[in-house]
Amino acid sequence: MPPPTRDKPLRSANWFDNTDRPDMTAIYVERFMNCGLTRRELQSGRPIIGIAQTGSDLTPCNRIHVDLAERVKAGVRDAGGVPFVFPVHPLQESCRRPTAALDRNLAYLGLVEVLHGYPIDGVVLMTACDKTTPACLMAAATTDTPAIVLSGGPMLDGWFEGKLTGSGMSVWEARRRLEAGETDFEGFMDLVCASTPSPGHCNTMGTALSMNSLAEALGMSLPGCASIPAPYRERTQMAYETGRRAVGIVDEDLRPSKILTRAAFENAIVVNTAIGGSTNCPIHLNAIARHVGVELTIQDWEDFGYDVPLIVNCQPAGEHLGEGFHRAGGVPAVLHELTNAGRLHSGALTINANTIGENCRNTPSRNPDVIRPYERPLRDRAGFLVLSGNLFESALIKTSVISPDFRRRFLSRPGHENIFESRVVVFENYEDYHTRINDPALAIDESCLLAIRGSGPIGYPGAGEVVNMLPPDYLIRKGVNKLPCMGDGRQSGTSDSPSILNVCPESVTGGNLGLLETGDTVRVDLNSRKVDLLVPETELLRRRKNWQAPPIENQTPWQEIQRSCIGRLDTGACLELAPKYRSVAMNLPRHNH
């Protein structure tokens, strides 16, 4: 197929077809011929499409992409492009220690360097397990390379003892059963493993399905891409169509900066509430926005998202799983409801060159129990609340997972609705919690608040998903499955705990969470969005004077590098030197010989 007429040569021509520098052109071309490629292909004016492959044996949630890459390549070829598959640093949430969040910025850096330093005209971002999606989108935002997201899709629904069991959710349920004496190690393993019946990422509305849904809501993937389960034939068909479209966005010069606008981010915030999305999403979307140059604050998540209803009945905020979400219509059906309700910027541009409104005009829900009508939601006003007070400048609480039991015990005192005061039990870190949670000397009762520190981007490092702490065993046996929790770390998007999360600034950098002591009383007022330690200011000043920063131990060079320049969770936990770099791919690198 003849190449389209363009106003300017392809970026890859500076490598493969530069007649002013035949010496360098020969060096760039000759080794690719080892792969069986021909000079004619490389010098034909056909766009070079990179395929950023995030699947491997180390990333089982993304391993589907090992096979999907072939279908993407076929689509690229059929549309007139030349595909180049390359690896992305592995990011596996369930296995990387101390946390996959440590490597989100590392994968981002590596992908930026590939998109800048190699002859790539456009890129397919193969995402799935939660950190791969923001890492890839952050890199596309920095380089402004024409880019399109191909999600890997959720696993099929899991079942255990005749009931749906969701990934992540099954872990919390198994922990409860174990600590209540209702199961043993083998039963624990059987329950959790039943939640992962096929290839794919989490089948709950955890961070993986949330972030891939938001990539679609932002306009960066083809309509319907996010929710297709990994084993479905439609997933391979979507891979093919994504490869074809990757060539089109290069021909049209449709870059991320044209799609990732302020309106697109506001749309994504609204969608996140409607689907019951993860508390990790504000961190990642704020990071993407910073890298593309869009101002987005943590307060925007409450201002634009809190009063949106929860319309997707999916675990952890609901009952169903990813397969049911897809069959009900997935993200397009959610967009349809929100657009008809006037909650979206319907004119926002998307990757297929249509607007959000055009894409979802005829995509109503196919199952009103899974994707509810906007007027009959699971819950009204279901978004995040942004909290502050004398312990921190900002934190989040996910209101869609406040259970009736939790609301009854903590938020329903007559005349003081949505307000409670609790005695605090403080844990210095993750290990301290697991060592001491069952210590009778702590005298934890069903009215206490559990606090954990040392779990932020610097303290953990990477910000651990450790704030959703279970009560001690003796309370679980009494049927008390949740206590209020607070910490400077995160929790899994699969968790149904209404914790006070992502506390900023974190304790190891001097945040007042570091001054909290066991036995203190904390007042939580969701009406005024305030969380305060009830001690005199003079006492806080005394504690501040005596506070000493805890020692930091770096186990690897990357831990030390990231700790030296990472920012706070509320601003995206970016490498603070990075957001100043924009449109990096437009600035051609120097020759290498």
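**Comments concerning the overall build of the chain**
Moving on, step 1. Counting secondary structure elements, the chain contains 22 helices and 14 strands.
Moving on, step 2. Its C-alpha radius of gyration of 24 Å places the chain within 12% of the 25 Å reference for a compact globule of 593 residues.
Moving on, step 3. Oriented by its inertia axes, the alpha-carbon framework of the chain measures out at about 75 × 55 × 45 Å.
Moving on, step 4. Put simply, the chain has 593 residues, and 60% of those count as buried.
Moving on, step 5. Sequence-distant contacts, at least 24 apart, represent 75% of the contacts inside the chain between residues at least 6 apart.
Moving on, step 6. Taken as a whole, the chain presents about 23200 Å² of accessible surface, with 51% of it coming from carbon and sulfur.
Moving on, step 7. The chain carries 60 positive and 68 negative side-chain charges, and their two centres are separated by 2 Å.

**Some remarks on the pairing of strand E8 (residues 394–398)**
Moving on, step 1. Among the five residues in E8, five count as buried, and that is most of the element.
Moving on, step 2. Of the two faces of E8, the one lined by Ser 394, Leu 396 and Lys 398 and the one lined by Ala 395 and Ile 397 are each fully buried.
Moving on, step 3. Bridge count between strand E7 (residues 384–387) and E8: four bridges; the pairing is antiparallel. Note on E8: the bridge partner recorded for Leu 387 is Ala 395.
Moving on, step 4. Following E7, the chain reverses through six residues before pairing antiparallel with E8; Gly 389 in that reversal takes a positive phi of roughly 160°.
Moving on, step 5. Of the strand pairs in this sheet, E8 and strand E12 (residues 501–504) are connected by two bridges, and their pairing is antiparallel.

**A short note on the pattern of salt bridges**
Moving on, step 1. The tally for this structure, following the rule as stated, stands at 33 salt bridges.
Moving on, step 2. A salt bridge links Glu 539 to Arg 543, with the shortest nitrogen-to-oxygen separation between them at 2.8 Å. Residue Glu 539 and its partner Arg 543 are located together in helix H21 (residues 537–546), separated by four residues, close to a single helical turn.
Moving on, step 3. Look at the salt bridges and you will find they share partners, linking Glu 161, Glu 173, Arg 176, Arg 177 and Glu 182 into a network.

**Digging into the layout of surface pockets**
Moving on, step 1. Of the voids in this model, the second largest pocket is the one considered here, and its volume is about 850 Å³.
Moving on, step 2. Contributions of two or more residues to the lining of the second largest pocket are made by strand E6 (163–164) and helix H7 (169–179).
Moving on, step 3. Among the elements that take part in the lining of the second largest pocket, H7 stands out by supplying seven residues, more than any other.
Moving on, step 4. Grouping the amino acids of the lining of the second largest pocket by side-chain chemistry returns 14 nonpolar, eleven polar and ten charged.

**Quick look at the sheet that holds E12**
Within a sheet, adjacent strands bond to each other through the backbone by hydrogen bonds, running parallel or antiparallel.
Moving on, step 1. Strand order in the open sheet made by the three strands is E7-E8-E12, with antiparallel pairing throughout. Strands with a single pairing partner mark the edges of an open sheet, and in this sheet they are E7 and E12. Ignoring strand direction, the axes of neighbouring strands in this sheet form an average angle of 20°.

**Details of the packing of helix H6 (residues 132–143) against helix H13 (residues 281–292)**
Moving on, step 1. At their nearest, the axes of H6 and H13 sit 7 Å apart, and the two run at 15° to each other. Here H6 lies roughly parallel to H13, going by the angle between them. In the crossing of H6 with H13, the sense of the turn from one axis to the other is right-handed. Here Pro 134, Leu 137, Met 138, Ala 141 and Thr 142 of H6 lie close against H13, whose contacting residues are His 284, Ala 287, Ile 288, His 291 and Val 292.

**Points about the sheet that holds strand E3 (residues 122–127)**
Moving on, step 1. Pairing is parallel across the open sheet formed by four strands, whose spatial order is E2-E1-E3-E4. Edge positions in the open sheet fall to strand E2 (82–87) and strand E4 (147–151), since each of these has one partner strand only. On average, adjacent strands in this sheet sit at an angle of 20° to one another, irrespective of strand direction.
Moving on, step 2. Across five bridges, E3 lies against E4 in parallel orientation. The partner of Thr 127 across the bridge, within E4, is Ser 151.
Moving on, step 3. Across the sheet, helix H10 (residues 233–251) is in contact with strand E1 (48–53), E3 and E4; its angle to E4 comes to roughly 175°.

The rules behind the values
Residues numbered from 1 in each chain as written. Predicted model: local features only at pLDDT ≥ 70, side-chain atom pairs only at ≥ 80, totals over all residues. Heavy atoms only, no water. Helix = DSSP H or I, 4+ residues; strand = E, 2+ residues; numbered from the N terminus. Rg over C-alpha atoms; globule rule 2.2 N^0.38 Å. Buried < 20%, exposed > 50% of the residue type's maximum accessible area, 1.4 Å probe, protein only. Contact = heavy atoms within 4.5 Å. Areas by Shrake-Rupley, 256 points an atom, 1.4 Å probe, with all protein chains shown as cover. Lys, Arg positive; Asp, Glu negative; His and termini not counted. Charge placed at Lys NZ, Arg CZ, Asp CG, Glu CD. Pairing = 2+ DSSP bridges. Salt bridge = Lys/Arg side-chain N within 4 Å of Asp/Glu carboxyl O. 1 Å grid on protein atoms, 1.4 Å probe; cavity = no way out; pocket = protein on both sides within 12 Å on 5 of 7 lines; lining within 4 Å. Points joined across faces, edges and corners; volume = space filled by probe spheres on them. Nonpolar A, V, L, I, M, F, W, Y, C, P; charged D, E, K, R; others polar. Axes fitted to C-alpha atoms, helices over the stretch in contact; angles between N-to-C directions. Parallel < 35°, antiparallel > 145°, perpendicular 65-115°, else oblique. Left-handed = near helix turned anticlockwise from the far one by under 90°.

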